[in-house]
Structures are given as structure tokens and as C-alpha cells.
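# Observations on the three-dimensional arrangement
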Amino acid sequence: MTHNVLVLPGDGIGPEIIAEAVKVLEACKQKFGLDLTIDSALLGGAAIDATGSPLPEDTMAKAKASDAILLGAVGGPKWDTLDMAIRPEKGLLGIRSGLALFGNLRPAILYPQLAAASTLKPEVVSGLDILIVRELTGGIYFGQPRGVRTLDTGERQGYNTYVYSESEIRRIGKVAFEAARARNGKLCSVDKANVLEVTVLWREIMESMAKDYPDVELSHMYVDNAAMQLVRAPKQFDVLVTGNMFGDILSDAAAMLTGSIGMLPSASLDANGKGMYEPCHGSAPDIAGENKANPLATILSAAMMLRYSLGEGAVADAIEEAVSSVLDQGLRTLDIASDGCQIVGTESMGEAVVSALISG
Ligand code: IPM
Ligand code: MG
């Protein structure tokens, strides 16, 4: 069966890192006879420049028709002054929501070769393997009403709405409980139930689901404490489940435990396992076009795509092994550099993964 993949390079370093991931996918076709077509479309700032919209209809139509999507990153200072409704980030949120990709899996795994790249002590992070399950199409990111209004006093007031319905909580709960079941059976639900009613409901629903998963040990933690525990003793966690905004914040923190956010892939899945795959990092406009960005998070996202949406687990394993092997060779992009390693650019890193894959 032919797999139809859509790539959305996006902005900033997006096109550079996607180019390397595409090279790796092409190498997989060659080496494993992987039957895959790759089309591309515009999203974010690149789409605004070409069409005026951050999520053109053509992109949405191609996304719907594809089997899986691989995304680079969106956004940059060039578009920061635009109205909120037509900013690059709206394109990203629009495609997540339009495809109902509510289940965001953000694994934070420390490659042993990178223990020295973390800002935390090696003993705190060595062997780290946690999974953040972030709700991606609800919560305060999408809640209505929202906006900036002018009060009777003439003062302006910004407002957003933090909402979760029971069914939204249940469906992300299911993803998280099942992920925990397939891993080490520990699930920590993160909320702010000491202050926010919406998360009181969140906690209640998670608690009520626990009886259907007697093999999973459920605990709850307030988000402020979770942030602290992530940097104090991250290995206490197996799977974390949380809402959209808390998940955004905690996943950046978790990423840094692994040495660099440049290493972390992610999957955003709908109820049927169709998904969009993207690195957790952003578009890094400060280094765009300089051949400095780390392509590994995107390459690892392509591996996740093969495993979760395309049923090509063996090819995914081969890509992950190739990444591990280039790290063994001592090759490092700037973000993961440490003493005694060889600094390489985006392209050389991608090519090294291709070589490792071909010869592996
Ligand atoms: C992420 C990003 C996005 C988010 C931005 C770019 C809209 O930070 O994927 O974590 O907040 O979800
Ligand atoms: Mg983020």
C-alpha cells in the first residue's frame, strides 16, 4: 500500500529541517522498499506571504487527503505584528483543530550519548524516558469568548476562556491511560484543581476512568509542583497527562532535560490514529537559513509517523538506530555540542543519518 505523506515545511528553520527528514524518508524508500509519496503545501508565515492566509484551503484539502503529515515549524518576527486571527500560529492551531488532532504525544527521552548536554546533573536525567500527553484542540487555546475589550472606564481588558467538556477530558484520558498501560503503568494527571473549576472536573473525570484501568497507577499533581518536580526528580514520572496550555509549558521544560529541545519529536493524533508529526521546538528565526539547526527532532518525528500512522514500525526502528549511531560517532549540532565532539551543520547531520541508515 502506498503511504501518502504531506510535508508542511513552514517558516524559519522549518524548510531546512524538513529537507533533511525528506532525505531520510527517501533513503528508507531505497533501503527498505518503503512505498511512500511526498507532497508539500504551505502553512504559517510562508502561506501568509503567498496567499494571505496562514492555512490556505489547498493545504487543508491536501492534509485531509493524506495518510500522515510531517510539519517543520511556523512563525517568526516578520509576522508578529499581524492581527492575531491571521498570524502563522493560527494556521498551526487551525490544522490541529480542523483535523481533530486532540492527542499530542511528546516523549522526552535522554539519549545516553547526550547526558552531558543537559543543564541538569547527569544522575538526575540519565535513563530519563517520560511521555507527556497534552490535550491539543481544547482548553484555553480554543475557549470562547476571547479577545480584547474596552471597559466602561475606557481601560482595555484582555480575556480568554478556559473550558473543557467531559467528553474532551475523557478522550484524552483514554489516550493517556492506554499509553501508560503500554509503558510502565504510571500516570500522573496535572491540573490546578486548587484554583480552577475546569480542572476540578478534569481531576474528577480522570479519577472516574481509573477504575477501568486497574493496571495503571493514577496520581494527580498541581501544575506548579509538576514544573518543580520535572527539574528536581524527573525520573519519578512515566506518563503525564494535562491540558493544552499546561502541556505546552511542561513539554518545553521536559525537553530541556534531554539536553536540547532540538532532539524531541511529537505526534498529534486523531481518534483513528491519523496524525501530524512535528518537532517540539519552534521556527528558531535567529538561526534560520544558517545551516545550524538540529534536524534530529524532525527526523525522529518522521520515525514516529512511520510507527504510529503508517504501520512501518521496523523502518521507524531503523531511523531511530541511525540517529543513535550518528550520536555515537560524536556528531553534534550546536545545540547539543559538548567537549570532544564534532560540530556539524543541519545538512551534514541529515546526511550522516542517511549514511548510517543505508549502511546499518
Ligand atoms: C507548540 C508550540 C505551539 C503551541 C505554538 C507555536 C502555537 O509552542 O507546539 O508547543 O503553543 O502549541
Ligand atoms: Mg510550545
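Residues numbered from 1 in each chain as written. Chains lettered and ligands numbered in written order. Predicted model: local features only at pLDDT ≥ 70, side-chain atom pairs only at ≥ 80, totals over all residues. Heavy atoms only, no water.

### Some points on the environment of alanine 314
In plain terms, the rule: Secondary structure elements follow DSSP: runs of H or I of four or more residues count as helices, runs of E of two or more count as strands, with numbering from the N terminus.
Residue position: alanine 314 is located in helix α11 (residues 313-328). Counting along the chain gives 198 residues from alanine 314 to alanine 116, while the straight-line C-alpha distance between them is 30 Å.

### Observations regarding the site of ligand 1
Stated precisely, the cut-off is as follows: Whether a residue is near a molecule or strand depends on its heavy atoms: it is near if one of them lies within 4 Å of it. N or O atoms closer than or at 3.5 Å make up a polar contact, with two conditions inside protein: a donor-capable atom paired with an acceptor-capable one, and, for residues adjacent in sequence, both atoms drawn from side chains. Exposure was quantified through the Shrake-Rupley algorithm and a 1.4 Å probe, taking into account, for residues, occlusion by the shown protein chains and nothing else.
Taken together, Glu89, Leu92, Arg96, Arg106, Arg134, Tyr141 and Asp248 make up the full set of residues adjacent to ligand 1. Arginine 106 has a polar side-chain atom sitting 2.8 Å from an oxygen atom of ligand 1. The side chain of arginine 134 places a nitrogen or oxygen atom 2.8 Å from an oxygen atom of ligand 1. For ligand 1, the protein covers 76% of the area, taking 320 Å² as the surface of the free molecule. It is helix α4 (residues 88-98) that provides the largest number of residues to the shell around ligand 1, a total of 3 residues.

### Comments concerning the sheet that holds strand β5 (residues 129-135)
The line we're drawing: When DSSP locates at least two bridges between a pair of strands, those strands are taken to pair. A fitted line through C-alpha atoms serves as each axis, taken over the contacting stretch for helices, and the angle formed by two N-to-C directions is quoted from 0 to 180°. Residue contacts are counted whenever heavy atoms from the two residues lie within 4.5 Å of one another.
Strand order across the open sheet formed by 10 strands is β2-β1-β3-β12-β11-β4-β5-β10-β8-β9, with mixed pairing between neighbours. Looking at which strands have only one partner, the edges of the open sheet turn out to be β2 (36-40) and β9 (217-222). Taking each pair of neighbouring strands and ignoring which way they run, the sheet shows an average axis angle of 25°. The sheet contacts of helix α6 (residues 166-182) involve β4 (103-109), β5, β8 (186-191), β9 and β10 (239-242), and relative to β5 the element is tilted by about 170°. Helix-sheet contacts for helix α10 (residues 296-308) involve β1 (3-10), β2, β3 (68-73), β4, β11 (265-269) and β12 (275-279), and the interaxial angle to β12 is about 160°.

### Some words on the domain arrangement of the chain
Note the following rule: An automatic or database domain assignment is the source of the domain bounds shown. Summed over both partners, the accessible surface that disappears when two parts come together, traced with a 1.4 Å probe, is what is meant by buried area. Salt bridges, as used here, are contacts in which a Lys or Arg side-chain nitrogen is within 4 Å of a carboxyl oxygen on Asp or Glu.
By domain assignment, the chain separates into domain 1 (1-120 + 261-360) and domain 2 (129-257). Centre-to-centre, using C-alpha coordinates, domain 1 lies 24 Å away from domain 2. Listed per partner, the contact involves 20 residues of domain 1 and 23 residues of domain 2. Between domain 1 and domain 2, the buried area comes to about 2000 Å², and carbon and sulfur atoms account for 64% of it. Connecting domain 1 to domain 2 are 0 salt bridges.

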